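Analysis of the macromolecular model
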Amino acid sequence: VKFILPNAAGSGIDAITRAAQPGLAKALGTSVVVENQSGAAGVLGLQALARSQPDGQTLSMVSNNVVIFPSVLKNLPFDMPGDFTPIAVVGATPLVLVVNPAKAPASDHRQFAALLKSRPGVLNYGSGGSGTILHLATEIYLDEAGAGGTARHIPYKGVGTMVNDLLGGQIDFATLALPSVQGHLKAGTLRAIGVMSAQRSPAAPDIPTLAEQGLAHYAVDGWFAVVGPKGLPPAQVQRIHKAVVSAFEDPGVKEAMAKQGNTVSITTPEQAQATFRKELARYAAIVRKVGLEPQ
């Protein structure tokens, strides 16, 4: 079974899928191959999945980027979720706002918001691509912090390159999945301003949420889901769903998810379909609010 990832190596989704790979292979009774196809902010990988045969042999692990794309990207070569079969929303990954401490001398939200407002147009931030959850989460933060328009967005083709530039000081701050930056936070090469979830992450309990730092209504998570192409027969959906549940109950996978800070709460296929539709509407409203123009 091939898992096409519309995310680059080194991303949160990549870390999750590779950690679950042995459990998925065992539960599906076959080898599992992970293939990263991150071009065009992930659109190419999704297009490849949409074009694949609905035989249960080609699947994907996706982030909530997929429900944002219809609001921020013009001329998508597929319908979301119409050209796909959501099988399960698996869980959520905490996102964290981080700075290069040499470029943005701030330790918390209030200091950072003040810095942004005092230096309009000076600081820039990266993301894994225009319209991704990492881009939108930062835009929502800037809007809620009263610092909209103060920082320049630099979209990258993947998270790995962006993190390298953040460490090198080519960009000043970014939103990232906690698993992808924990090592840098411990080393002190990046500094956390705040976790974007409603609650602190058990994997990094010392990092306060943005909500508890004064942005009472701020809560953005990076949820992740297993999807297949359109027309996947119900028997295949049930087979894959059962395998996903089994894989994420595997002790080794459970330990990896806890270490990464991911929370696992697997939905039914029906709930997954409803979540996709509800989140499409939610992010369309957010995109309008922060004034992002479709690219």
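Provided above is the structure to which this section pertains.
Since the model is a prediction, treat every value here as computed from it, not as a measurement.

Turning our eyes to something else, we now look at the overall build of the protein. Across its full length, the protein carries 10 helices and 10 strands. Taking 19 Å as the expected radius of gyration for a compact globule of 295 residues, we find that the protein reaches 18 Å, a close match to that expectation. Taken across its 295 residues, the protein has 56% of its residues classed as buried. Counted over contacts in the protein with a minimum sequence separation of 6, partners at least 24 positions apart contribute 79%. Carbon and sulfur atoms provide 52% of the accessible area of the protein, an area that totals close to 11900 Å².

Tallied over the full model, the rule gives 5 aromatic pairs. The interplanar angle of 35 degrees and the centroid separation of 5.4 Å between the aromatic rings of Tyr125 and Phe173 together place this pair among those described as tilted. Of this pair, Tyr125 sits in strand β5 (residues 124-127) while Phe173 is found in strand β7 (residues 173-177), placing the two residues 48 residues apart along the sequence. The class of Tyr125 is buried, set by a relative accessible area of 0%. Residue Phe173 is classed as buried on the basis of its relative accessible area, which comes to 0%.

The next thing to look at is the side chain of Thr58. Take Thr58: it is sitting in strand β3 (residues 58-63). Excluding residues within four positions of it along the chain, Thr58 makes contact with Lys2, Ile4, Leu49, Ser52, Gly228 and Pro229.

So, on to the pattern of salt bridges. In the structure shown here, the tally under the stated rule is 6 salt bridges. A salt bridge links Asp172 to Lys103, with the shortest nitrogen-to-oxygen separation between them at 3.0 Å. In this pair, Asp172 sits in the loop between α6 (159-168) and β7 while Lys103 sits in the loop between β4 (84-99) and α4 (109-118), placing the two residues 69 residues apart along the sequence.

Parameters and conventions
Residues numbered from 1 in each chain as written. Predicted model: local features only at pLDDT ≥ 70, side-chain atom pairs only at ≥ 80, totals over all residues. Heavy atoms only, no water. Helix = DSSP H or I, 4+ residues; strand = E, 2+ residues; numbered from the N terminus. Rg over C-alpha atoms; globule rule 2.2 N^0.38 Å. Buried < 20%, exposed > 50% of the residue type's maximum accessible area, 1.4 Å probe, protein only. Contact = heavy atoms within 4.5 Å. Areas by Shrake-Rupley, 256 points an atom, 1.4 Å probe, with all protein chains shown as cover. Phe/Tyr/Trp six-rings, centres within 6.5 Å; stacked < 30°, edge-to-face > 60°. Salt bridge = Lys/Arg side-chain N within 4 Å of Asp/Glu carboxyl O.

So, to be careful, I would describe these as geometric facts and stop short of saying anything about function.
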